[in-house]
Every structure is written in C-alpha cells, then in structure tokens.
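Understanding the architecture of this molecule
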Amino acid sequence: MRIFADENMPLVQQFFNQFGDVNLFNGRHVSAAQLQDADILLVRSVSNVNAQLLQHNTKLRFVGTATIGMDHIDQTYLAARNVAFASAPGCNAQSVVEYVLSSLWCLADKYQWPLAEKTIGIVGVGNIGSRLAQALQALNIRVLLCDPVRARNEIGFNHTDFTTLCQQADIISFHTPLISSGNDATKHLLNADTLALLKPDCALINASRGAVIDNQALLQDLSRAAKRRAVVLDVWEQEPDILTALLPYVDIATAHIAGHSIEGKARGTEMLYQRCAALLQQPLQQQLQQLLPVPAMEKLQISANFGLPDVQNIARLLYDVRRDDALLRHYLHGKGFDWLRKSYPPRREFSSLQLCGKVIPDFLPQLGFSLAQ
Ligand SMILES: NC(=O)C1=CN([C@@H]2O[C@H](COP(=O)(O)OP(=O)(O)OC[C@H]3O[C@@H](n4cnc5c(N)ncnc54)[C@H](O)[C@@H]3O)[C@@H](O)[C@H]2O)C=CC1
Ligand SMILES: O=C(O)C(=O)[C@H](O)COP(=O)(O)O
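For clarity, every value in this text was computed on a predicted model and none was experimentally measured.

What about the UniProt feature "binding site: NAD(+)" (unreviewed entry) in the chain?
Under the UniProt annotation, the feature "binding site: NAD(+)" (unreviewed entry) is placed at Asp-147, Thr-176, Ala-207, Ser-208, Arg-209, Asp-234 and Gly-259. For the largest pocket, the lining residues drawn from the annotated set are Asp-147, Thr-176, Ala-207, Ser-208, Arg-209, Asp-234 and Gly-259. Along the polypeptide, Ala-207 turns up in the loop between strand E9 (203-206) and helix H8 (215-223). The residues contacting Ala-207, other than those within four sequence positions of it, are Val-96, Tyr-99, Phe-174, Asp-234, Val-235 and Ala-258. By secondary structure assignment, the location of Gly-259 is in the loop between strand E11 (252-253) and helix H9 (262-280). For Gly-259, the contacting residues outside a window of four places in its chain are Asn-92, Ser-95, Val-96, Gly-264 and Lys-265.

Structure follows, in structure tokens:
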C-alpha cells in the first residue's frame, strides 16, 4: 500500500506505517506526477484535490484531509471515481476557540473594552461556533447566533439573520465553511454592502476562510479616515499571497494558524487513521493520547479566590495570540507565509493543563480546562 501524505501532518508516520510505506510531499506544490502510484492520499488545506491533481492515478482508494474545511476537495469528482473520502470534523475546533478568546482578551486590554458589556455575533454555529458561544456565555458575554442552515433544520435554534447581526453586534466572529454558490453562499458574505451595515466601531474576527470577507472591500472600509474598527485576521484571500496593504489596519494578523495547536493538528491525523483502518478492515494499533508529547506545564493549583478576571492569566500561560501576530509581522516579507505555518512553535490546548483545588469554578471546564483526577 503506497501512502502519500503532506509533510506538515504530525504523527503521520507513527499512525500510517501500519498500512504501508508513507511518502511525504509539499502540500502547496504537489503535482499529478508525484501522486500517480498513491493508494492513499492524505492532505491538509493547501492542496487542491481535483481531476487535474489525480489525472495520472488509477489506483487511489482513499483521500483524507486532516482539516475541518473541505473547500479544497472536489468531492463530486472523488465520488464519481468511487474513491472514499474523509475529513476531520471538529479536530481543531477547540484550538480555534482558544485563538478567538485570546484575541478578544488582547483587544479588550488594548482598547479597555468591558467585554461583559459587548454583544458578540457568531456567524456559523457548528463545531467551532457553538463551542465559542458556550465559552463566551461561561464568561457572561452576550452572544447573537447566525446560522440559517441550523435555523431551517432545528426547531428552537435562536437564529439572528445576518443583516440584523451586522446592525446589532459590537464584535463579529466568522466560523462558516467557504461556500461559493447557492442560498447559503459565504464567499464575500462580508462585502462593501454588508460592511456598510456595521456599527462604525464593530470589531471583526475572521478565522474561517479568507474569502468569507471581501479583502479589498475591507481595505476600503478600514482606510476611510473616520472609521476605526478593531480587526483580527487569521485567514486571508489568496493565501499565501495575502493583501499586505491590510496589515497596518489589522490589530492581530496571523498566518492561518488558529487551528494549529499540537492537539488540533494531531487529532486530524488520528481521525484519518481511524477511517482508513475501518476501510482496510485493520485493527487500531495507535492512539493519540499515547503519542502526544508531555506538556511543559501539567498541573496548576487553584485557590478559593480564583474568579473570572483570573481566567486570562491561566489562558496566557498556554497561548497568547500576540506571539503569532509578532511572528507574521517579522517574517512575512522574508521567510514568508508558508514558512510561518510550517515552523509554527508548539502550542498546547487548555485541556493539557490539569487544574487542582477544592473548588474549581464551573466556567473553567466550560472553557476547556481539565480537572486533575
Ligand atoms: N483558521 C483555521 O485554522 C481554521 C479554520 N476553519 C474553518 O472554520 C470553518 C467552520 O468550522 P466548524 O465550525 O468546525 O464547521 P461546521 O461544519 O461544524 O460548522 C459550520 C457551520 O456554518 C453554518 N453555515 C453554513 N452556511 C452558513 C451561512 N451562509 N451563514 C451562517 N452559517 C452558515 C453551518 O450550518 C454549520 O453549522 C471550517 O469550514 C473551516 O473553513 C476550521 C478549522 C481551523
Ligand atoms: O482545519 C481547517 O479547516 C484549517 O483551516 C486548518 O487548521 C488549516 O491547517 P492546514 O491544513 O492548512 O495546515
């Protein structure tokens, strides 16, 4: 069995050696010629898997993407060729939530916002959006939820339509898939017309896909002298060749790394391993928990005085998004966007830190921290 995998897929050898030899490739530059002998193809978000990439391959049985997003995969084409396909739903959802929380705390410090008085609009309430809503509610922050798909299918889902959300929210965070056409299209959901609906100081966070926001329209909006809105961008149109003119107006700018916690990336690999084992009718020999490195900090004692204002301090022990903003601003013009992603420094999720103490406030596990056994 010949397995071809993106070189930026952690633990891929450890998981997939069980099925055959694992060959690594550069996901951004992989070619049809390289993949002609692949039985199993494992990609991340930077490889477009379509008829052109697979034109020389007649053996392929399985394609997996170790990501949540699937906009880079032509699933219709794979189905027509009878190639099994899997993604990794939810694998890095917690990592993205921690990115958004860190961004909110940084903006709150920078602009002295009382976060508890803000209304945060969440657009796309799936794995990430619903976890984020739960975390914000645990912090006593009011949320508005916009998800027309859930609104159609779930009685009682508390939906706010996008226009109303644009008019009412103080901060909007985008968590939709990139959908190019149809009633629920999200490509350029935020464009010149919808930007005009926002409050002048409405802050924006995009950790979904770059093209959910029309980047040129955003630049126009931000460069108008009278407007000052805070902006956090993890994702950009036309990565890796991003619109650098946006950088001076963006408070937090990162290289599509919101989902790049150690756990988030490795969980994606494990989910594909489990799907492949089922397809090949092989036993599961590896488990992520056994392969993850020991975290630098394992346990933290909480005292009875611990309160909501202390949460940011624990969160910052594990992750501060300003590190990633500084990396992008320093290295983008030299080493570049893809180098920043490939060389991403280790980052552990909240769950890696076990909290001890007689009384642990409920909001800590609701944010994703784990309790010591
Ligand atoms: N920056 C990063 O590193 C990462 C980015 N992502 C992106 O985040 C996206 C969302 O991830 P999940 O929450 O896990 O996906 P999900 O599939 O669980 O949830 C997406 C939600 O968006 C909703 N939706 C679809 N069309 C919509 C529209 N027009 N308006 C509002 N809501 C709409 C769906 O009904 C669904 O509930 C992914 O598709 C991916 O593109 C995911 C992981 C990491
Ligand atoms: O899961 C997704 O969807 C993402 O956007 C990934 O976190 C992006 O990571 P790469 O696959 O581009 O490394």
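Describing the site of ligand 2
Within the structure, ligand 2 sits among Arg-44, Ser-45, Thr-67, Ile-68, Gly-69, Asn-92, Arg-209, His-256, His-260 and Arg-341. Within the contact set of ligand 2, an oxygen atom lies 2.7 Å away from a backbone nitrogen or oxygen of Gly-69. His-260 is positioned with one of its side-chain polar atoms (N or O) 3.0 Å from an oxygen atom of ligand 2. Relative to its unbound accessible surface of 350 Å², ligand 2 loses 93% to contact with the protein. The cavity where ligand 2 resides is the largest pocket. A class-by-class count of the residues in the shell around ligand 2 yields 1 nonpolar, 6 polar and 3 charged.

Focus: the packing of aromatic side chains
Summed over the entire model, instances satisfying the criterion amount to 9 aromatic pairs. Taking 5.0 Å as the distance between ring centres and 50° as the angle between the ring planes, the aromatic pair formed by Tyr-331 and Trp-339 counts as tilted. By relative accessible area, Tyr-331 is classed as partly exposed at 27%. Trp-339 gets classed as partly exposed once you look at its relative accessible area, which sits at 32%. Ring pairs connect the aromatic residues Phe-15, Phe-16, Phe-19 and Tyr-273, which therefore count as one cluster. The lysine or arginine in question, Arg-323, covers the ring of Tyr-344, its NZ or CZ lying 5.1 Å from the ring centre. If you follow Lys-335 out to its NZ or CZ, it ends over the ring of Trp-339, 5.1 Å from the centre.

A closer look at the site of ligand 1
Close to ligand 1 lie 29 residues, the nearest being Asn-127, Ile-128, Asp-147, Asp-184 and Asp-234. One of the backbone nitrogen or oxygen atoms of Ile-128 is found 2.9 Å away from an oxygen atom of ligand 1. Here Asp-234 contributes a side-chain N or O atom positioned 2.9 Å from a nitrogen atom of ligand 1. Coverage of ligand 1 by the protein chains reaches 88% of its 870 Å² of free accessible surface. For ligand 1, the cavity whose grid points lie within 2 Å of the majority of its atoms is the largest pocket. Elements that contribute at least two residues to the shell around ligand 1 include exactly helix H4 (127-138) and helix H5 (148-153). Here the shell around ligand 1 is composed, by residue class, of 14 nonpolar, 11 polar and 4 charged.

Re the side chain of Gln-18
Tracing the backbone through its elements, the reader meets Gln-18 in the loop between helix H1 (12-16) and strand E2 (21-25). At 2.6 Å, the side chain of Gln-18 forms a polar contact with the side chain of Tyr-273. In terms of polar contacts, Gln-18 uses its side chain to reach the backbone carbonyl oxygen of Pro-283, at 2.7 Å. If we skip the residues at most four places from it in the chain, Gln-18 touches Tyr-273, Gln-282, Pro-283 and Gln-285.

Quick word on the packing of helix H3 (residues 93-111) against helix H11 (residues 311-318)
Axis separation between H3 and H11 bottoms out at 11 Å; the angle between their running directions is 120°. Compared by their axis directions, H3 and H11 come out oblique. As H3 runs across H11, the sense of the crossing is left-handed. Where H3 abuts H11, its residues Trp-105, Cys-106 and Asp-109 lie against Val-311, Gln-312, Ala-315 and Arg-316. In terms of residue class, the contact of H3 with H11 is built from 4 nonpolar, 1 polar and 2 charged.

Topic: the nonpolar core
Grouped together as the largest cluster of nonpolar side chains are 53 residues, with contacts concentrated most on Tyr-99, Leu-101, Leu-136, Leu-364 and Phe-369. Setting aside residues up to four positions removed in sequence, Leu-101 forms contacts with Leu-132, Ala-135, Leu-136, Leu-139, Phe-350 and Leu-367.

Quick notes on the environment of Tyr-344
For Tyr-344, the position within the fold is in the loop between helix H13 (337-342) and strand E13 (354-356). By relative accessible area, Tyr-344 is classed as buried at 14%. Measuring from C-alpha to C-alpha, the distance between Tyr-344 and His-260 comes to 7.8 Å, with 84 residues separating the pair along the chain. For Tyr-344, the contacting residues outside a window of four places in its chain are Ile-257, His-260, Tyr-319, Arg-323 and Asp-324. Separated by 2.6 Å, the side chains of Tyr-344 and Asp-324 make a polar contact. A polar atom in the side chain of Tyr-344 sits 3.1 Å from the side chain of Arg-347.

Quick word on the state of the cysteines
Under the criterion given, the structure shown has 0 disulfides. The thiol of Cys-166 is not disulfide-bonded; the next cysteine sulfur, from Cys-202, is found 7.4 Å away. Of all cysteine sulfurs, the one in Cys-91 lies closest to Cys-276, which takes part in no disulfide; the gap is 16 Å. With relative accessibility at 0%, the residue Cys-276 sits in the buried group.

Rules used in this analysis
- Residues numbered from 1 in each chain as written.
- Chains lettered and ligands numbered in written order.
- Predicted model: local features only at pLDDT ≥ 70, side-chain atom pairs only at ≥ 80, totals over all residues.
- Heavy atoms only, no water.
- UniProt positions renumbered as here; feature names shortened; annotations may be inferred.
- 1 Å grid on protein atoms, 1.4 Å probe; cavity = no way out; pocket = protein on both sides within 12 Å on 5 of 7 lines; lining within 4 Å.
- Helix = DSSP H or I, 4+ residues; strand = E, 2+ residues; numbered from the N terminus.
- Contact = heavy atoms within 4.5 Å.
- Near = heavy atom within 4 Å.
- Polar contact = N/O pair within 3.5 Å; in protein donor to acceptor, adjacent residues only side chain to side chain.
- Areas by Shrake-Rupley, 256 points an atom, 1.4 Å probe, with all protein chains shown as cover.
- Sits in = over half its atoms within 2 Å of the grid points.
- Nonpolar A, V, L, I, M, F, W, Y, C, P; charged D, E, K, R; others polar.
- Phe/Tyr/Trp six-rings, centres within 6.5 Å; stacked < 30°, edge-to-face > 60°.
- Buried < 20%, exposed > 50% of the residue type's maximum accessible area, 1.4 Å probe, protein only.
- Lys NZ or Arg CZ within 6 Å of the ring centre and 35° of its normal.
- Axes fitted to C-alpha atoms, helices over the stretch in contact; angles between N-to-C directions.
- Parallel < 35°, antiparallel > 145°, perpendicular 65-115°, else oblique.
- Left-handed = near helix turned anticlockwise from the far one by under 90°.
- Core = buried A, V, L, I, M, F, W, Y, C linked by side-chain atoms within 4.5 Å.
- Disulfide = S-S within 2.5 Å.

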